[in-house]
Amino acid sequence: MSFLTKFFEINPKEYDKWQINWAPEDPWLISIALGLIIPCALWFFWTSLRRIGSKPKKVFLLFLRIMTFALLIIILLRPELEFKKSHLLKNYIAVLLDNSKSLSIKTFPKEISRIDLIKNTLEFNKEYLEQLNSKFIVDTYFVSDEIQKTSLNLKNYQSNRLFTDFSGVFEELGSNYENKSLQGVLFFSDGADLTEEPKEISEGILKSLAKINAPVYVFQAGNNDQFKDLALESVSVSDFGFVQQPVHLSVKVFSSGLGNRNVTLALKEGNRILVSKIIEIRSDKKYYKVDLQFTSSKMGKRIYTLNLPRYAEESILSNNQKEFEINVVRDRVRILHLNGRPSWDSRYLREVLANNPRVDLLSFFILRGLGDNVAAPTSELSLIPFPSNLLFDDYLSSFDLIIFQNFKYEPFIDKKYLLNIRKYVEKGGSFLMVGGELSFQGGNYSRTPIEDILPVNFKETDSWFINQEFRPKINEQLFNHPILRLEKDLQLNREVLASLPPLQGANLGLVAEKDAYVLAEFENGSAFAAPIIVSGEFGRGRTALLATDSVWNWRFRKEGGSRYFHQFWNNVIDWLIAEPETLRLQLESDKDRYLEEQQVLIKFKLLHKNYQPASGITGKLTVSSRREEIIAKELTTDEQGEQVFSFLPDQAGFFKARLEIDGLEEEVMFSVLRDNAEFEKPLVNDFILQKIAEISGGKYFLLNDVNDLSRLQFDNPEINNKSYNRSFSLWDNWWAYGFLVGLLFLDWWMRRKAGLS
Amino acid sequence: MRKHFSIIFVAHLLFVGVAPATAGYSDLTLPRIIYKGGNDNARPEGLKSLLSQIARRTSVEVKREPIALKFSDPKLFKYPFIYLGGDGSFDPFSDENINTLREYLSYGGFLFIDDNSAEPESGFDRSIRRMTTRLFPQTPLRNIPRDHSVFRSFYLLNTVSGRVIVKSYMEGITLKGRTVLMYSANDQAGAWSRNKLGDWNYDVIGGGYRQRQLSIRLGINIILYALTLDYKKDMVHLPIILERLRRYQSP
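Residues numbered from 1 in each chain as written. Chains lettered and ligands numbered in written order. Predicted model: local features only at pLDDT ≥ 70, side-chain atom pairs only at ≥ 80, totals over all residues. Heavy atoms only, no water.

Peer 1: Just checking my understanding: could you explain the overall build of chain A for this structure?
Peer 2: The helix and strand inventory of chain A stands at 17 helices and 39 strands. Put simply, chain A has 757 residues, and 50% of those count as buried. Contacts in chain A between residues at least 24 apart in sequence constitute 73% of all its contacts with a sequence separation of at least 6. Accessible area of chain A: about 35900 Å², with a carbon and sulfur share of 49%. (Helix = DSSP H or I, 4+ residues; strand = E, 2+ residues; numbered from the N terminus. Buried < 20%, exposed > 50% of the residue type's maximum accessible area, 1.4 Å probe, protein only. Contact = heavy atoms within 4.5 Å. Areas by Shrake-Rupley, 256 points an atom, 1.4 Å probe, with all protein chains shown as cover.)

Rendered as structure tokens:
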């Protein structure tokens, strides 16, 4: 070694080992040379020496030739001399400390929490762990649904993680120690993996354990002796429901150590009990499945609470209540469509409504007028009486939209029911009147509640109708109105509206109210203009009118696109029933549910009455919990009429954000949930812990506060590792080739002297 | 009631009153189709008579004077109901006319074809079948079943009447659930037709007064089907109608 280091002029202290490495470029060529070419060449060479009489000379020449070939082979093998410095590697031990919330559950009879059992054990074995640390590299991790490296310092060891999933933990652990010598794992846990079923171990854990390839010594923290609890383990319910339709939910209740008793499971909205059910708890049964059903009559995000009674002897009380949120939406749009007379206009509108999968349509066609003589007995007619009492008294509120199309209310509807329609709209219903000679004044609606709710006033004129072909003039100011948006692109929308086929005939004598949106007008030169499409609001509801009965031409005429007829009516319906995208003020939170310590983002958009973005408008946003107002802030819209507000809730619960701006107000509800999932499956899962130990080749221990870990012995094989090296080529240098040339020259000189060529 | 929400009721007035004034622009018009090579106006007063009956018996407002159109007439797309009648073969329509008719029907139009010859396998019948084959090659004429809405759109019917009962059924073409074309071989317009004095223009063969009345009822039902479509199929009060149908048996 010292000779070599001197020869290559390197510091001998820097290296402790050397070796020769071979790196042949073409092993096949070398093999052929060694096996065939060189032996043949040597044989021919030997036979060529027959003329030399001296045997020692012949042998010496053969020796020289062998040496030459040997040197050539060495050069082809490209040898390198490597000096290196190596050191001894330590083996690894991993310590896994479960830090999920379930570790805070106390174990009876000592009433010591599971995490304290672990802490006490680690403290008790501090010396052993230090010794272990001197022999191995001991890595400590907090584990729950993730793995987080830490130290063995117990000060920051707390049971605060919200979820437990061991398969992910072992998967990541296996990845961390890939190509490392992991000799063992110490795993401290209660085994309460929320993803595992009782008495089962999942494929995921089995696969990830195989990846670790080291024995896992499992230390079970806590046990289920004398564990008393009543818990709402899980609630299975859809995120959304439909208004006036039953919502089904399935609840899994867990009970342990509470003996035989009957408990009441109650579902509440606010303080109102929606439904309740008695559960017969029995000492020999732990799990109970309860199915509940309720109906929501209001739309929007609704928050519900499930409650179980709380008993003083329970280990955990927080899992006796569970809140959840359902977004109650409109499943179908219920439309009452009254037609005073069959016509092409009513036929095409009915076709649109009947073919709309969102619409539940209830239509009435008045097929027989007062003076009509059907010339047949009633039994030969398919006509039935008009159920006005049922519709305009009992079921009126169940409709989302009422359409009077060329419909004269008398004598089908008692005048008193018109007042019901007024109240219905005032409370948030919607009403549409489509023109024709039986509409407006022609339907005797003057000075009735219908005139009140429509966005026009009736005036006396010589004629209520005009029979003239015309193209409605669209109000330039309201091109953005949702009813007129047949195409998203504004320019294209203008072109589409301009290309619609002309209409034929209009109702006259209508004067738009001050707050009405006159979307389109009939212009008779400079003589007069009459509103054709008008929308408005009455109370909390919306109303609209079409002062013509010829919109069907937009569907039937060859010119223009017939699909815009459908789009137009869908727009009218959406606007009337106040679909969210048609609201001038849109307020929303980025999520319906937040976890604790998550930032809440509230954003809103404000549009002017002409549906252009309203910039620079200031409004007041208030955020309230169930008990108090927690935030009140003034916000001003930006150029897009939008603004965003974010805050970090300092408590869990349900919140309501309310915005008042530009005379409008909107509310949005969201919840900040305290994650109690860890308490929904609170039992110690000894089965899974034992299985982990058994499958990995480790051992299972039950922690009892005085566990001595020093009995654990781990293999500690020696592992060398090269830290740095230096290599010198032994073939591509002057003396290797010089030696080869020297041998060949000597060979040539000897042969010349012996008289050979 | 909620269970059968997608439903139309038909109001049945039991009162007597005054018909409202009309503006006229939305009144029902029944154009007759003009074609070459045949008699497209074999029953000149048939449609007018039917319109008169519709006005008398139903709430539908009509223009009493029918008009005549060619398929090439741009006014065609102002009238979603057209009538095509005749008593003999006629020249095939041009491709352009066939395309126009196909468009007309697919946009929501309705065509009623009436064979006024009162003969089975007549020249008119052959011309019509040739036309419908070109019109919808993939959708041939099919018998209209008795539970079709046309048999209960105003009157309850269980037979297909006409001046002469050549076929006990009507044929039709249905596209996407809507029957766009109906074809009767029984000379319906012949049964409807009456002169200015109120006398019937043509004798009905076989069933007399009742047969003529049923033909008029069928004509009214066809018009009301075109105007109200299949509301009878989704009626909330379907049980009532079915019960009446069960009790009522047309001779």
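Peer 1: Please explain the sheet that holds strand β8 (residues 182-189) of chain A as it appears in this structure.
Peer 2: Where strands meet in a sheet, backbone hydrogen bonds hold them as pairs that are either parallel or antiparallel. Residue and element names in this part refer to chain A. Strand order in this open sheet of six strands is β7-β6-β3-β8-β9-β38, and the pairing throughout is mixed. The strands lining the two open edges of the sheet, one partner per strand, are β7 (147-150) and β38 (700-702). Neighbour-to-neighbour, the strand axes of the sheet open up by a mean angle of 20 degrees, direction not taken into account. Sheet topology places strand β6 (residues 137-143) next to β7; four bridges connect them, and they run antiparallel. When the sheet's bridge partners are listed, Thr 140 is paired in β7 with Thr 150. The sheet contacts of helix α16 (residues 686-696) involve β8, β9 (216-220) and β38, and relative to β9 the element is tilted by about 160 degrees. (Pairing = 2+ DSSP bridges. Axes fitted to C-alpha atoms, helices over the stretch in contact; angles between N-to-C directions.)

Peer 1: Would you mind going over unusual backbone geometry with me for this structure?
Peer 2: One can expect most non-glycine residues to show negative phi and most peptide bonds to be in trans. All names here are of chain A. Of note, the bond from Glu 410 into Pro 411 is cis; its omega dihedral lies within 30 degrees of zero at 0 degrees. Along the polypeptide, Pro 411 turns up in the loop between β20 (401-405) and α10 (415-426). In this model, Asn 179 sits at a positive phi of 70 degrees, which is unusual for a non-glycine residue. Along the chain, Asn 179 falls in the loop between α6 (166-176) and β8. A relative accessible area of 82% means that Asn 179 is categorised as exposed. Of note in this structure, Asn 406 is not a glycine but carries a positive phi near 45 degrees. Looking at the element boundaries, Asn 406 is found in the loop between β20 and α10. The class for Asn 406 is buried, based on a relative accessible area of 3%.

Peer 1: Which parts of the structure should I look at to understand a nonpolar patch on the surface?
Peer 2: Residue and element names in this part refer to chain A. Together, Phe 60, Phe 63, Phe 745, Leu 746, Trp 748 and Trp 749 give the surface a local cluster of nonpolar side chains, amounting to about 610 Å² of exposed area. Taken together, the elements giving at least two residues each to the nonpolar patch come down to α3 (55-77) and α17 (734-753). Mapped onto the elements of the fold, Phe 745 is located in helix α17. (Patch = residues over 30% accessible without salt bridge, like charges linked within 9 Å, V, L, I, M, F, W, Y side chains within 5 Å. Salt bridge = Lys/Arg side-chain N within 4 Å of Asp/Glu carboxyl O.)

Peer 1: Where do I start with the packing of α6(A) against helix α7 (residues 203-212) of chain A in this structure?
Peer 2: The geometry of a pair of packed helices is captured by two quantities: the angle between their axes and the separation between those axes. All names here are of chain A. One way to put it is that α6 packs onto α7 with a least axis distance of 8 Å and a crossing angle of 20 degrees. Taken as axis vectors, α6 and α7 run roughly parallel relative to one another. Relative to α7, α6 is oriented so that their crossing is left-handed. Here Phe 166, Ser 167, Phe 170, Glu 171, Leu 173, Gly 174 and Ser 175 of α6 lie close against α7, whose contacting residues are Gly 204, Ile 205, Ser 208, Leu 209, Lys 211 and Ile 212. By residue class, the composition of the contact of α6 with α7 is six nonpolar, five polar and two charged. (Parallel < 35°, antiparallel > 145°, perpendicular 65-115°, else oblique. Left-handed = near helix turned anticlockwise from the far one by under 90°. Nonpolar A, V, L, I, M, F, W, Y, C, P; charged D, E, K, R; others polar.)

Peer 1: What am I meant to see in the pattern of salt bridges here?
Peer 2: All names here are of chain A. This model, assessed by the stated rule, comprises 43 salt bridges over all chains. The residue Arg 332 makes a salt bridge to Asp 360 at a minimum N-O spacing of 3.0 Å. One end of the pair, Arg 332, is in the loop between β17 (321-329) and β18 (333-339); the other, Asp 360, is in strand β19 (residues 359-366), with 28 residues separating them in the sequence. Take Asp 360: its relative accessible area is 11%, and that puts it in the buried class.

Peer 1: What exactly am I supposed to notice about the sheet that holds strand β34 (residues 629-636) of chain A here?
Peer 2: All names here are of chain A. Strands sit in the order β31-β37-β36-β33-β34 across an open sheet of five strands; the sheet is mixed. Each edge of the open sheet carries a strand with a single partner, namely β31 (593-595) and β34. Each strand axis lies, on average, 25 degrees off the axis of its neighbour in the sheet, ignoring direction. As judged from the nine bridges shared by strand β36 (residues 653-661) and strand β37 (residues 664-673), these two strands associate in the antiparallel manner. Among the inter-strand pairings, Phe 654 is bridged to a residue of β37, identified as Ser 671.

Peer 1: For this particular structure, what's the right way to read the packing of helix α1 (residues 46-57) of chain B against helix α5 (residues 208-228) of chain B?
Peer 2: Residues and elements named next belong to chain B. Their axes nearest at 10 Å, the elements α1 and α5 cross at an angle of 80 degrees. Here α1 is positioned roughly perpendicular relative to α5, judged by the angle of their axes. When α1 is examined against α5, the residues Leu 50, Gln 53, Ile 54 and Arg 57 are found in contact with a partner set consisting of Gln 213, Ile 216, Arg 217, Gly 219, Ile 220 and Ile 223.

Peer 1: Explain the layout of surface pockets to me, please; I cannot follow it from the model alone.
Peer 2: Which parts of space are left empty comes out when a probe the size of a water molecule is rolled across the atoms. All names here are of chain A. For the second largest pocket, the calculated volume is near 840 Å³. Contributing to the lining of the second largest pocket are 30 residues, with Gln 321, Lys 322, Glu 323, Leu 673 and Arg 674 lying nearest its centre. Residue assignment for the lining of the second largest pocket shows that the elements contributing at least two residues are β10 (229-237), β17, β31, β36, β37 and α15 (677-680). A total of five residues in the lining of the second largest pocket trace back to one element, the largest contributor, which is β17. (1 Å grid on protein atoms, 1.4 Å probe; cavity = no way out; pocket = protein on both sides within 12 Å on 5 of 7 lines; lining within 4 Å. Points joined across faces, edges and corners; volume = space filled by probe spheres on them.)

Peer 1: Honestly, the packing of aromatic side chains in this entry has me stumped. Any pointers?
Peer 2: Describing an aromatic ring pair means giving the distance of the ring centres and the angle of the ring planes. Residues and elements named next belong to chain A. According to the stated counting rule, one finds 54 aromatic pairs over all chains in the structure shown. An angle of 20 degrees between the planes, with centres 6.0 Å apart, marks the rings of Phe 645 and Phe 647 as stacked. Take Phe 645: its relative accessible area is 10%, and that puts it in the buried class. Note on Phe 647: relative accessible area 8%, which makes it buried. Counting every residue linked through ring pairs, the aromatic cluster contains Phe 392, Phe 404, Phe 407, Tyr 409, Phe 412, Tyr 417, Phe 431 and Tyr 445. Sitting over the face of the ring of Trp 46, Lys 58 holds its NZ or CZ atom 5.1 Å from the ring centroid. Above the face of the Phe 479 ring, Arg 494 is positioned so that its terminal group lies 4.0 Å from the ring centre. (Phe/Tyr/Trp six-rings, centres within 6.5 Å; stacked < 30°, edge-to-face > 60°. Lys NZ or Arg CZ within 6 Å of the ring centre and 35° of its normal.)

Peer 1: Where do I start with helix α3 (residues 123-135) of chain B in this structure?
Peer 2: Residues three or four positions apart in an α-helix share a direction because the helix packs 3.6 residues into each turn. Along its 13 residues, α3(B) runs 18 Å from first to last C-alpha, staying within 8% of the 18 Å computed at 1.5 Å per residue. Check the buried side of α3(B) and you find it contacts β4 (81-86), α2 (95-106), β5 (110-115), β7 (171-175) and β8 (178-184) of chain B. (Expected span 1.5 Å × (residues − 1).)

Peer 1: What exactly am I supposed to notice about empty space enclosed by the protein here?
Peer 2: Under the definition given, this model contains three cavities of 30 Å³ or more. If you trace the largest cavity, you find it lined by Arg341(A), Pro342(A), Ser343(A), Trp344(A), Asn406(A), Ser26(B), Asp27(B), Leu28(B), Val60(B), Glu61(B) and Leu227(B). In terms of residue class, the lining of the largest cavity is made up of five nonpolar, three polar and three charged. What the second largest cavity holds in volume is close to 50 Å³. Along its surface, the second largest cavity is lined by Phe90(B), Pro92(B), Phe93(B), Ile98(B), Ser127(B), Arg130(B), Met131(B) and Arg134(B).

Peer 1: Please explain helix α8 (residues 344-355) of chain A as it appears in this structure.
Peer 2: All names here are of chain A. Helix length check: α8, at twelve residues, gives a terminal C-alpha distance of 16 Å against a target of 16 Å (1.5 Å per residue), a fit within 8%. With ten of twelve residues buried, α8 is to be regarded as a mostly interior element. Taken together, the buried positions of α8 are occupied by Trp 344, Asp 345, Ser 346, Arg 347, Tyr 348, Leu 349, Arg 350, Glu 351, Val 352 and Leu 353.

Peer 1: Help me understand the side chain of Ser346(A), please; the structure alone is not making it clear to me.
Peer 2: Residues and elements named next belong to chain A. Mapping Ser 346 onto the fold places it in helix α8. For Ser 346, a relative accessible area of 0% puts it in the buried group. Contacts of Ser 346, omitting those with residues within four sequence positions, involve His 337, Asn 339, Arg 341, Phe 365 and Gln 405.

Geometric values such as these leave the question of function open.
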